[in-house]
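Examination of the molecular architecture
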Amino acid sequence: MSDDILQVENLKVEFSTYGGTVKAVRGVSFSVERSKTLAIVGESGCGKSVSVQSIMGLIPMPPGRITSGSAKINGHEIIGLSAKEANKYRGVEIAMIFQDPMSSLNPTMTIGDQISETLMVHKGFSYKEASKQAVELLEKTHIPEAAKRAKQYPFEFSGGMLQRAMIAQSLACNPTILIADEPTTALDVTIQAQILELMSELQQSEGMSIVLITHDLAVVAKMADRVAVMYAGQVIEMGNVDEIFYQSSHPYTLGLKEAMPSNQKDKGKKLTPIAGSPPDLFSPPSGCAYYARCPYAMAICETQMPDEFLIATDGDKNNNQKDSDHYSRCWLQHPDSPQVDSLYQSGRTNVS
């Protein structure tokens, strides 16, 4: 029996606009194992948040629509459900921490009442029972004077405490999967570390799986078990965290690493940004979406979509290892590619 809690296959999402149809997600597939963390990384606009929001049924339809794909929680399909049916999973089996808690929480309700509402809707608790449980949840997320704080409104909380309150609300029904969409973006580095430590602690105590959406590779290195690298609405590389950092096999992943600050003492080293801009998703390219920005681009990259190539662990060209779960959507990984050896050498550059 598979140990995957969430399985997403060939997800495609589009948005109709006055300028045309934006193909925001173009065939995304991934899975999340029980009690493990999957990080989804990539530039802003690559489709990270849209992918998980569409699974949760949170994208507005119209203008958005899911044109194909499947998403299963413990074997149960959740795409295409009515709102009533979807609520049997949302907040119960799968919960979400949003990027900006201030705009995600209701400013007219106390923090305690917002957590209580979740328990009353999904668990059938009385208001008294739900209020007591809300205080316990706030205590679990290390909010001091939880009983007092439960009676306060969002504007009375700091950014870090709001994020803790969001986590408490997400944990109300003991979900098996927690989706964290840029949970530390608006926080200073000290509070970021506290929130990440809290998430790790709760994952161990509650046995949750986590889908972490971020563009911060330092957060990925600290939190993730597996990593999906997204670009232009596609997963272009997937592997465990060590493979992504130390055996990078896609030029885009290499570019992200080169653009990341390091804690090394070499003051003469400069960050290398990725040149150019992402492709126009009103009319996605027929070949590799990274072609125009890729320093390793070949003629085939412009016209033909690359396959998913399994990556050998020893760095040779034998990319057909059946036991490998590291893959890259890049023609450079084809056994006949003349540049694959130099790419592997570049991809194994250590990142501190």
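Going by the structure above, here's the rest.
Predicted, not measured: the structure shown is a model, and the values here were computed from it. (Residues numbered from 1 in each chain as written. Predicted model: local features only at pLDDT ≥ 70, side-chain atom pairs only at ≥ 80, totals over all residues. Heavy atoms only, no water.)

Attention now goes to the overall build of the chain. Along the backbone of the chain there are 13 helices and 12 strands. Burial status across the chain gives 49% buried among its 352 residues. Pairs at least 24 apart in sequence give 65% of the contacts found in the chain among residues at least 6 apart. Put simply, the chain shows about 16,800 Å² of open surface, and 51% of that area lies on carbon and sulfur atoms. (Helix = DSSP H or I, 4+ residues; strand = E, 2+ residues; numbered from the N terminus. Buried < 20%, exposed > 50% of the residue type's maximum accessible area, 1.4 Å probe, protein only. Contact = heavy atoms within 4.5 Å. Areas by Shrake-Rupley, 256 points an atom, 1.4 Å probe, with all protein chains shown as cover.)

Inspection of every chain in the model, using the stated rule, returns eight salt bridges. For Glu 14, the salt bridge identified is with Arg 65, shortest N-O distance 2.9 Å. Of the two residues, Glu 14 is situated in strand E1 (residues 4-17) and Arg 65 in strand E4 (residues 64-73); the sequence distance between them amounts to 51 residues. Of the residues examined, Glu 14 reaches a relative accessible area of 16% and is grouped as buried. Across the salt bridge formed by Arg 293 and Glu 43, the nearest N and O atoms sit 3.1 Å from each other. (Salt bridge = Lys/Arg side-chain N within 4 Å of Asp/Glu carboxyl O.)

Ranked by internal contacts, the top residues of the largest apolar core, which has 66 residues, are Phe 30 and Ile 179. Membership of the second largest hydrophobic core comes to 36 residues, among which are Ala 134, Leu 187, Ile 195 and Leu 196. (Core = buried A, V, L, I, M, F, W, Y, C linked by side-chain atoms within 4.5 Å.)

Here the focus is the pairing of strand E7 (residues 177-181). With five of five residues buried, E7 lies mostly within the body of the structure. Here E7 shows two buried faces, one formed by Ile 177, Ile 179 and Asp 181 and the other by Leu 178 and Ala 180. Here four bridges tie strand E6 (residues 94-97) to E7, and the two strands are oriented parallel to one another. Paired with Ile 97 across the strands is Ala 180, a residue of E7. Sheet topology note: the E7/strand E8 (residues 209-214) ladder contains five bridges and is parallel. (Pairing = 2+ DSSP bridges.)

This next bit is on the packing of aromatic side chains. Two descriptors summarise a pair of aromatic rings, namely the distance from one centre to the other and the angle between the planes of the rings. Considering all chains together, one arrives at five aromatic pairs under this definition. On the numbers, 5.4 Å between centres and 70° between planes, the contact of Tyr 252 with Tyr 290 is edge-to-face. Within this pair, whereas Tyr 252 is found in helix H11 (residues 251-258), its partner Tyr 290 is found in the loop between H11 and helix H12 (299-303), the two being separated by 38 residues in sequence. Both residues of the pair, Tyr 252 and Tyr 290, count as buried. One cation-aromatic arrangement involves Arg 149 over Phe 157; the distance from NZ or CZ to the ring centre is 5.5 Å. (Phe/Tyr/Trp six-rings, centres within 6.5 Å; stacked < 30°, edge-to-face > 60°. Lys NZ or Arg CZ within 6 Å of the ring centre and 35° of its normal.)

Here we come to the state of the cysteines. Scanning the entire structure with this criterion turns up zero disulfides. Its sulfur unpaired, Cys 294 is 6.2 Å from the next cysteine sulfur, which belongs to Cys 330. Of the cysteine sulfurs around Cys 301, a residue in no disulfide, the closest is that of Cys 288, at 5.9 Å. Cys 301 gets classed as buried once you look at its relative accessible area, which sits at 7%. (Disulfide = S-S within 2.5 Å.)

Now for helix H5 (residues 127-140). Look at H5: 20 Å from first C-alpha to last across 14 residues, which is about the 20 Å you get at 1.5 Å a residue. For H5, the full list of buried residues reads Ala 130, Ala 134, Val 135, Leu 137 and Leu 138. Taken down its axis, H5 places every buried residue within 160° of arc, on the same side. Looking at H5, the residues exposed on the side facing more than 90 degrees away from the buried face are Lys 128 and Lys 132. Here the buried face of H5 lies against helix H4 (111-123), helix H6 (146-149) and helix H7 (159-170). One or two residues past the end of H5 sits His 142, with phi positive at roughly 65°. (Expected span 1.5 Å × (residues − 1). Arc of directions from axis to C-beta.)

With that out of the way, let us pick up the environment of Glu 206. Mapped onto the elements, Glu 206 comes out in helix H8 (residues 189-206). Taking C-alpha positions, Glu 206 is 7.5 Å from Asn 174, a pair spaced 32 residues apart along the chain. A polar side-chain atom of Glu 206 sits 3.1 Å from a polar atom in the side chain of Lys 140. (Polar contact = N/O pair within 3.5 Å; in protein donor to acceptor, adjacent residues only side chain to side chain.)

For the rest of this paragraph, the subject is the sheet that holds E1. An order of E2-E1-E4-E5 is seen for the four strands of this open sheet, with the pairing classed as antiparallel. Each edge of the sheet is formed by a strand with only one pairing partner; in this case those strands are strand E2 (20-33) and strand E5 (76-77). When E1 meets E2, the two strands line up antiparallel, connected through 11 bridges. Bridging from a neighbouring strand, Thr 17 pairs with Gly 20 of E2. Contacts from helix H1 (residues 48-56) reach E1, E2 and E4 within the one sheet, and its direction differs from that of E1 by about 105°. (Axes fitted to C-alpha atoms, helices over the stretch in contact; angles between N-to-C directions.)

Turning next to H8. Because an α-helix completes one turn every 3.6 residues, residues spaced three or four positions apart along the sequence face the same direction. Over its 18 residues, H8 runs 25 Å from end to end, which matches the ideal 26 Å to within 8%, given 1.5 Å per residue. Residues Gln 192, Ile 195, Leu 196, Leu 198, Met 199, Ser 200, Leu 202 and Gln 203 constitute the buried set of H8. On its buried face, H8 is in contact with strand E3 (37-41), H5, H7, E7, E8 and helix H9 (217-223). Phi turns positive one or two residues past the end of H8, at Gly 207, with a value near 70°.

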